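The residues making up each chain are set out below.
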Amino acid sequence: MQVLHALGVTRAGVREMSRRRRARKVGIMEARHVTQLRAPTDRWARRAITTLIAAPLALTAVACTGELDAGPITAGAACATPDVPLEPIGRLTRVEYDYTVRDLLHVGTSPAPGFAADDGTTGFEVGGTVSPLLAEQYVDAALALGERAADDPAAVDAALGRCPTSGSEAEACVEDFLERFTRLAFRAPTDRVEIDALMALYREGVAIEGHRGGLTAAIAGVLSSPRFLYHRESEPALDAGAVGALDGTTVASRLSYFFWRSMPDEALLDDAEEGMLDEPEGIESAARRMIEDPRFERGTHDFVRQWLGLDGLSRLTKDDAIVPGWQTELRASLRTSMDAFVDHVMTEEEGSFEALMTSNVVFADEALAGALGETFTSPDPETGLARLTLPASERAGLLTQPALMALLAKPNQSDPIHRGVFVRTRVLCDVLEAPPADVDLTPPDLAPGLTTRQRFDMHRTEPRCAACHTLIDPIGYGFEHYDAMGVFRTHEGELSIDARGEVFDGEDANGAFDGAVELSERLAQSRVAQRCMARQVFRFAVGRIEQNRDTCSTRVLDHAFSRSDLDLRELMIAIVRTDAFRMRRVQEHDPVTGSEP
């Protein structure tokens with residue numbers, strides 16, 4: 001309070017600011033019932049708000065590998081008949097929320113990292129249940145964003161910045177803005193009832209705090225509406241249990257959140273309203289345009305972030321007494337390096353899966369180059385990164401990138417267990433059984449005269465762990481050439497590195513190898529790894545794990561990926577043409593009442 005007094009803010013003024021903020025917040029909370037838009041009769045809104053559907057798909061571990069609880073994917077389905085599983089209604093994830101409000105309001109703020117965490121059951125983030133805490137966070141963020149937009153309306157919309165601040169002309173200008181704004185925010189056309197509800201909110205705000213208060217209330221009302229917070233999924237006008245095509249605006253939204261992690265732009269919504277997204281050919285045409293857009297980097301970066309678990313880099317620590325050159329600033333350097341590598345694969349390497357797995361290119365800023373012991377020369381003037389073409393005997397693609405090797409390591413040593421688990425689960429799509437609860441997972445201490453491989457090999461004496469570690473450890477040992485920082489080495493202390501390994505139960509990936517480069521080259525040619533890549537992108541695109549009803553979609557996907565010479569961009573195009581992406585099964589029972597819809 002003393003600080004506030006020093007700024008000329010009195011105690012009474014603080015109370016008044018709090019009162020106004022509470023009044024606006026109460027108004028927004030009450031207005032949510034209005035902006036839910038006919039919640040008692042609108043089936044989608046009722047389901048979205050009253051049930052807050054969250055149906056994460058569980059994985060059932062069988063011995064050391066497992067299958068989805070829906071059963072294994074089998075061939076022989078009648079692919080002439082579209083078939084997709086029932087899908088829950090999902091909300092925006094935190095990443096999607098931030099990108100959407102940035103594109104809507106042209107602000108640089110990112111409120112979503114403070115929100116309650118998303119559901120990661122499928123391996124990728126999906127918007128699940130809205131807790132009371134998250135609901136409160138949504139309203140707080142909506143108010144703060146509304147205030148920011150009201151303070152600089154010209155940044156949000158050129159016409160809004162020229163609006164009069166009082167009278168009927170002000171109302172007409174704001175109404176015109178809201179009609180355009182809600183089309184983008186709700187990812188679909190809005191009707192008179194919705195606009196009237198928001199204009200009523202604007203008038204309430206004007207009564208409390210003038211034109212600025214009205215803008216704050218109206219924009220916050222949009223941002224706290226279920227139409228904004230949820231992925232609105234149209235349900236085909238068919239009998240219960242039938243499968244039909246989604247409408248164009250729903251397809252537009254699916255496309256934009258897959259490729260851009262944000263709302264559709266006006267061009268995509270125009271395509272939807274003109275019927276251009278009603279057939280696979282039109283959807284493909286739109287997708288190809290989106291891939292050429294700079295926003296496409298958002299989608300690829302977010303996919304890789306989730307697939308590789310790169311959020312862990314922000315918490316990465318190393319023992320600087322053992323890892324030469326470690327500094328916390330390298331966390332950001334490693335993340336930037338990985339993003340640049342992915343961009344290189346998607347552009348210069350034309351989306352090649354083989355290049356993703358075998359390229360010997362690494363991108364580094366000056367700090368990372370120094371930590372890797374490499375010379376920093378000829379950096380890109382825009383990014384500040386140097387392209388390092390390292391010996392092909394030392395680096396091969398994604399699995400040997402410094403960011404991943406440093407992430408999959410302990411603070412003071414390499415980590416063959418987590419590196420092996422990563423390959424089995426993220427590259428071969430195995431499902432591993434969790435270790436017994438009473439097993440000590442503490443990594444072995446550094447011991448003179450022993451390599452990491454020799455120290456970790458001792459834990460395989462535990463009979464309950466031996467079966468799974470037979471699948472994990474021989475893969476993880478192949479990465480022993482990379483230390484805790486991801487630096488290539490031939491010796492650990494004075495002892496020579498033994499990076500020989502073997503893949504078991506990996507179908508065409510099976511066999512002995514010597515080092516991660518040889519393993520990466522094998523995985524690049526493995527149909528199992530290629531299918532897993534397709535599944536990972538599929539799960540990211542549709543927000544769930546594939547089920548039996550997706551058999552036709554995944555078979556088509558595998559065929560298209562193979563025919564494209566394993567072009568990752570063509571894989572994404574193939575996904576948007578599948579039944580799983582374009583269609584929806586009509587709900588058989590109302591999730592609230594249990595009655596037929």
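Quick summary incoming for the structure in this document.

## Topic: the overall build of the protein chain
Here comes step 1: Within the protein chain, the regular secondary structure consists of 26 helices and ten strands.
Here comes step 2: Going through the 597 residues of the protein chain one by one, you find that 53% of them count as buried.
Here comes step 3: Looking at the protein chain alone, contacts between residues at least 24 apart form 71% of all its contacts between residues at least 6 apart.
Here comes step 4: Of the roughly 25,500 Å² of accessible surface on the protein chain, 52% is carried by carbon and sulfur atoms.

## Concerning a negative patch on the surface
Here comes step 1: On the surface, a cluster of negative charge is made up of E354, D514, E518 and E521.
Here comes step 2: As for its position among the elements, D514 is in strand β9 (residues 511–514).
Here comes step 3: The partly exposed category is assigned to D514, whose relative accessible area is 44%.

## What to know about the environment of G275
Here comes step 1: By secondary structure assignment, the location of G275 is in the loop between α12 (266–273) and α13 (280–291).
Here comes step 2: G275 gets classed as partly exposed once you look at its relative accessible area, which sits at 30%.
Here comes step 3: Considered as a pair, G275 and D247 are 28 residues apart in the sequence and their alpha carbons are 8.7 Å apart.

## Here's the deal with the state of the cysteines
Here comes step 1: Counted according to the given criterion, the structure contains two disulfides.
Here comes step 2: Between C163 and C173 runs a disulfide, and the two sulfur atoms are separated by 1.8 Å. Since a negative S-S torsion denotes a left-handed disulfide, the C163-C173 link at about -80° is left-handed. Here C163, found in the loop between α7 (158–161) and α8 (167–185), pairs with C173, found in helix α8; they are ten residues apart in sequence, far enough to count as distant. In this structure, C163 and C173 share a single accessibility class: buried.
Here comes step 3: Covalently, C429 is tied to C532 through a disulfide, its sulfur atoms 2.0 Å apart.

## Observations concerning the nonpolar core
Here comes step 1: Of all hydrophobic cores here, the largest spans 98 residues; its most connected members are L255, F258, F259 and L523.
Here comes step 2: Excluding residues within four positions of it along the chain, L255 makes contact with W260, L268, L277, I283, A286, A287, M290, V576 and F581.
Here comes step 3: Core analysis: the next-biggest nonpolar cluster, separate from the first, contains 48 residues, F181, I195, L223 and F228 among them.

## Points about the packing of aromatic side chains
Here comes step 1: For the structure shown, the criterion picks out 15 aromatic pairs.
Here comes step 2: A ring pair is formed by F124 and F303, whose centres lie 5.7 Å apart and whose planes are at 15°; its orientation type is stacked. Residue F124 is found in the loop between α4 (94–105) and α5 (132–151), and its partner F303 is found in helix α14 (residues 296–308); the two are separated by 179 residues along the sequence. Pair check on accessibility: F124 and F303 agree, each one buried.
Here comes step 3: These aromatic residues form a ring-pair network of at least three members: F124, F258, F259, F296, F303, W307, F540 and F581.
Here comes step 4: In this structure, R295 is placed above the aromatic ring of W260, and the distance from its NZ or CZ to the ring centre is 3.7 Å.

## Quick word on unusual backbone geometry
Here comes step 1: Here R187, not a glycine, exhibits a phi torsion of approximately 60°, which is positive.
Here comes step 2: Relative to the elements of secondary structure, R187 occurs in the loop between α8 and α9 (192–223).
Here comes step 3: Even without being glycine, C429 reaches a positive phi, approximately 60°.
Here comes step 4: Within the secondary structure, C429 sits in the loop between α19 (416–427) and α20 (452–457).
Here comes step 5: Overall, the relative accessible area of 21% leaves C429 in the partly exposed class.

## A closer look at the pairing of strand β8 (residues 500–503)
Here comes step 1: Alternating residues of β8 divide into G501 and V503, all buried, and R500 and E502, none buried.
Here comes step 2: Both β8 and β9 contribute to a ladder of four bridges, which runs antiparallel. Note on β9: the bridge partner recorded for G501 is F513.

## Considerations on the environment of H481
Here comes step 1: Counting through the fold element by element, H481 comes out in the loop between α21 (463–476) and β6 (491–492).
Here comes step 2: As a C-alpha pair, H481 and H491 span ten residues in sequence and 7.9 Å in three-dimensional space.
Here comes step 3: If we ignore the near neighbours within four places in the chain, the residues touching H481 are V487, F488, R489, T490, I497 and A499.

## Points about the pattern of salt bridges
Here comes step 1: Summed over all chains, the structure comprises 45 salt bridges.
Here comes step 2: Between D151 and R212 there is a salt bridge, with its nearest N and O atoms 2.5 Å apart. Within this pair, whereas D151 is found in helix α5, its partner R212 is found in helix α9, the two being separated by 61 residues in sequence.
Here comes step 3: With a closest N to O distance of 2.7 Å, D311 and R305 form a salt bridge.
Here comes step 4: Residue class for D311 comes out partly exposed when judged on its relative accessible area of 33%.
Here comes step 5: One network of salt bridges, in which partners are shared, links E87, E233, R254, R544, D550 and R584.

## A closer look at the packing of α4 against α5
Here comes step 1: Closest axis-to-axis distance for the α4/α5 pair is 12 Å, and the angle between their directions is 20°. In terms of their interaxial angle, α4 and α5 are classed as roughly parallel. Helix-helix and strand crossings are classified by hand; for α4 and α5 the assignment is right-handed. Mapping the contact onto sequence places Y97, V101 and L105 in α4 and Y138, A141, A142, L145 and A149 in α5.
Here comes step 2: Counted by class, the contact of α4 with α5 contains eight nonpolar, no polar and no charged residues.

So, how was this worked out
Residues numbered from 1 in each chain as written. Predicted model: local features only at pLDDT ≥ 70, side-chain atom pairs only at ≥ 80, totals over all residues. Heavy atoms only, no water. Helix = DSSP H or I, 4+ residues; strand = E, 2+ residues; numbered from the N terminus. Buried < 20%, exposed > 50% of the residue type's maximum accessible area, 1.4 Å probe, protein only. Contact = heavy atoms within 4.5 Å. Areas by Shrake-Rupley, 256 points an atom, 1.4 Å probe, with all protein chains shown as cover. Patch = residues over 30% accessible without salt bridge, like charges linked within 9 Å, V, L, I, M, F, W, Y side chains within 5 Å. Salt bridge = Lys/Arg side-chain N within 4 Å of Asp/Glu carboxyl O. Lys, Arg positive; Asp, Glu negative; His and termini not counted. Charge placed at Lys NZ, Arg CZ, Asp CG, Glu CD. Disulfide = S-S within 2.5 Å. Core = buried A, V, L, I, M, F, W, Y, C linked by side-chain atoms within 4.5 Å. Phe/Tyr/Trp six-rings, centres within 6.5 Å; stacked < 30°, edge-to-face > 60°. Lys NZ or Arg CZ within 6 Å of the ring centre and 35° of its normal. Pairing = 2+ DSSP bridges. Axes fitted to C-alpha atoms, helices over the stretch in contact; angles between N-to-C directions. Parallel < 35°, antiparallel > 145°, perpendicular 65-115°, else oblique. Left-handed = near helix turned anticlockwise from the far one by under 90°. Nonpolar A, V, L, I, M, F, W, Y, C, P; charged D, E, K, R; others polar.

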